[in-house]
Amino acid sequence: MDQMSPDNINGLILAVSSSIFIGSSFIIKKKGLKKAGASGVRAGEGGHGYLYEPWWWAGMITMIVGEVANFAAYAFAPAILVTPLGALSIIFSAVLAHFILQEKLHIFGVLGCVLCVVGSTTIVLHAPHEQKIESVKQVWKLAIEPGFLVYSAVILIVVLVLIFYYEPRYGKTHMIVYVGICSLMGSLTVMSVKAVAIAIKLTFSGMNQFKYFHAWIFILVVTICCILQINYLNKALDTFNTAVISPVYYVMFTTFTIIASMIMFKDWASQSGLKIATELCGFVTILSGTFLLHKTKDMGNSGSTSGSGRGSVSIPRDTPVFTNSGSGRSSSPEK
């Protein structure tokens, strides 16, 4: 195993820090929402009392810090290292919820956390080195190579078909439509974010990159893609069960991001087949842990059990993965 490069180490530290901040922000904001809901109209019922709650603002600031750290991580490390580590935020969120919000973590949830850590460690130890980039124009040349142009064209065509044909017909009944749009555009977003992050990094080092039009085109792409993602992700969250959307979106988004990075930045060009296979195994391990953690997220608090007596295990009701069978919206009151 090759020694990790300084850039990869910096990217790793920023990515893990991002996961800690983002995972913590969910718990801090929820604590603020609970306090605001106890003394007024809850946010889920249209109330905005949380805007006067310091805990909620602390959570928002924590999330912003986490997103900034995640943005910066792409300037140092390849996407194949940074993006899968986003699963760690799920772990921090679940663990903090267990101790702070008293949302019990089931034993299978603990196993899911362990799988995420093992998979993340595997990817970190075998991640490719970030190639040396000295100008945003160099990133632009990578973006206009035939391979990535074909990938981008295919992504845009599929997204347009999903938006104008499938979304009006199947959007409210098939989750894969909304999540597919978000995931496909997300891969282009990350590539553009990485370009902008590199431009900022080089500018701070004394080489102004914003005098080139290429940097502004990447900023425009990030803006358009983010607006599109937010719009359709909100539709997905409003229509389907969040517990199902989160893992499916994570899997699809991370998969397409890795494919895009492999094509544009050629992350695997300098690696052996063994290392690539090991990284893929680490990625699959993270996916398994993520699905297990989400599938059992309510089992620790469930009062229903299969059978009675010692050793009985809570069994959550199945939720449809790709279709909305009428139980997509969560109607259970907040604890």
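Placed above this text is the structure.
These lines cover the structure that appears in this document, whether it is placed above or below. Every value quoted in this text rests on a predicted model; they were computed, and no experiment measured them.

## Concerning the pattern of salt bridges
Under the definition given, this model contains four salt bridges. Residue E145 pairs with K266 through a salt bridge whose shortest N-O separation is 2.5 Å. Taken together, the positions of E145 in the loop between α6 (136–143) and α7 (146–170) and K266 in the loop between α10 (242–264) and α11 (273–295) put the pair 121 residues apart, joining distant regions of the chain. Relative accessible area serves as the criterion here: at 30%, E145 is assigned to the partly exposed category. With a shortest N-O distance of 3.6 Å, E167 and K235 are connected by a salt bridge. Of this pair, E167 sits in helix α7 while K235 sits in helix α9 (residues 213–239), and the two are 68 residues apart along the sequence.

## Here's the deal with the packing of aromatic side chains
Under the defined criterion, the tally for this structure stands at nine aromatic pairs. Taking the centre distance of 6.0 Å and the plane angle of 70° together, the rings of W140 and F213 count as edge-to-face. Placement of W140 in helix α6 and of F213 in helix α9 is noted, with a sequence separation of 73 residues between them. Measuring from centroid to centroid gives 4.9 Å for Y165 and Y166, while their planes differ by 85°, and the two rings are edge-to-face. Taking the relative accessible area as the measure of exposure, Y165 reaches 39% and is therefore partly exposed. When its relative accessible area of 35% is taken as the criterion, Y166 is described as partly exposed. Among the aromatic residues, ring-to-ring pairing joins W140, F213 and F218 into one connected group. In this structure, K31 packs its charged tip against the face of W55, placed 5.5 Å from the ring centre. If you follow K194 out to its NZ or CZ, it ends over the ring of F265, 5.4 Å from the centre.

## Some thoughts on the packing of helix α5 (residues 107–126) against α11
At a minimum axis separation of 7 Å, α5 and α11 run at an interaxial angle of 160°. Between α5 and α11, the crossing angle belongs to the class labelled roughly antiparallel. When the axes of α5 and α11 are compared, the crossing they make is left-handed. For the contact of α5 with α11, a count of residues per class yields eleven nonpolar, twelve polar and two charged.

## Focus on a nonpolar patch on the surface
On the surface, I107, F108, V110, L111, V114 and V118 cluster together to form a nonpolar patch covering roughly 500 Å² of accessible area. Within the fold, I107 resides in helix α5.

## Quick word on the nonpolar core
Within the largest apolar cluster, 73 residues are counted, with the highest numbers of intra-cluster contacts made by V139, F148, M191 and M264. A domain split of this core shows at least three residues from each of domain 1 (1–103) and domain 2 (129–270).

## Concerning α6
Buried within α6 we find V136, V139, L142 and A143. Viewed along the axis of α6, the buried residues span an arc of 110°, placing them on a single side of the element. By the N-cap criterion, in which a side-chain oxygen at the helix start approaches the backbone nitrogen of a residue two or three places on, α6 is capped by S135, the distance to K137 being 3.1 Å.

Quick notes on the rules
Residues numbered from 1 in each chain as written. Predicted model: local features only at pLDDT ≥ 70, side-chain atom pairs only at ≥ 80, totals over all residues. Heavy atoms only, no water. Salt bridge = Lys/Arg side-chain N within 4 Å of Asp/Glu carboxyl O. Helix = DSSP H or I, 4+ residues; strand = E, 2+ residues; numbered from the N terminus. Buried < 20%, exposed > 50% of the residue type's maximum accessible area, 1.4 Å probe, protein only. Phe/Tyr/Trp six-rings, centres within 6.5 Å; stacked < 30°, edge-to-face > 60°. Lys NZ or Arg CZ within 6 Å of the ring centre and 35° of its normal. Axes fitted to C-alpha atoms, helices over the stretch in contact; angles between N-to-C directions. Parallel < 35°, antiparallel > 145°, perpendicular 65-115°, else oblique. Left-handed = near helix turned anticlockwise from the far one by under 90°. Nonpolar A, V, L, I, M, F, W, Y, C, P; charged D, E, K, R; others polar. Patch = residues over 30% accessible without salt bridge, like charges linked within 9 Å, V, L, I, M, F, W, Y side chains within 5 Å. Areas by Shrake-Rupley, 256 points an atom, 1.4 Å probe, with all protein chains shown as cover. Core = buried A, V, L, I, M, F, W, Y, C linked by side-chain atoms within 4.5 Å. Domains from an automatic or database assignment. Arc of directions from axis to C-beta. Polar contact = N/O pair within 3.5 Å; in protein donor to acceptor, adjacent residues only side chain to side chain.

Any link to function would need more than the numbers given here.
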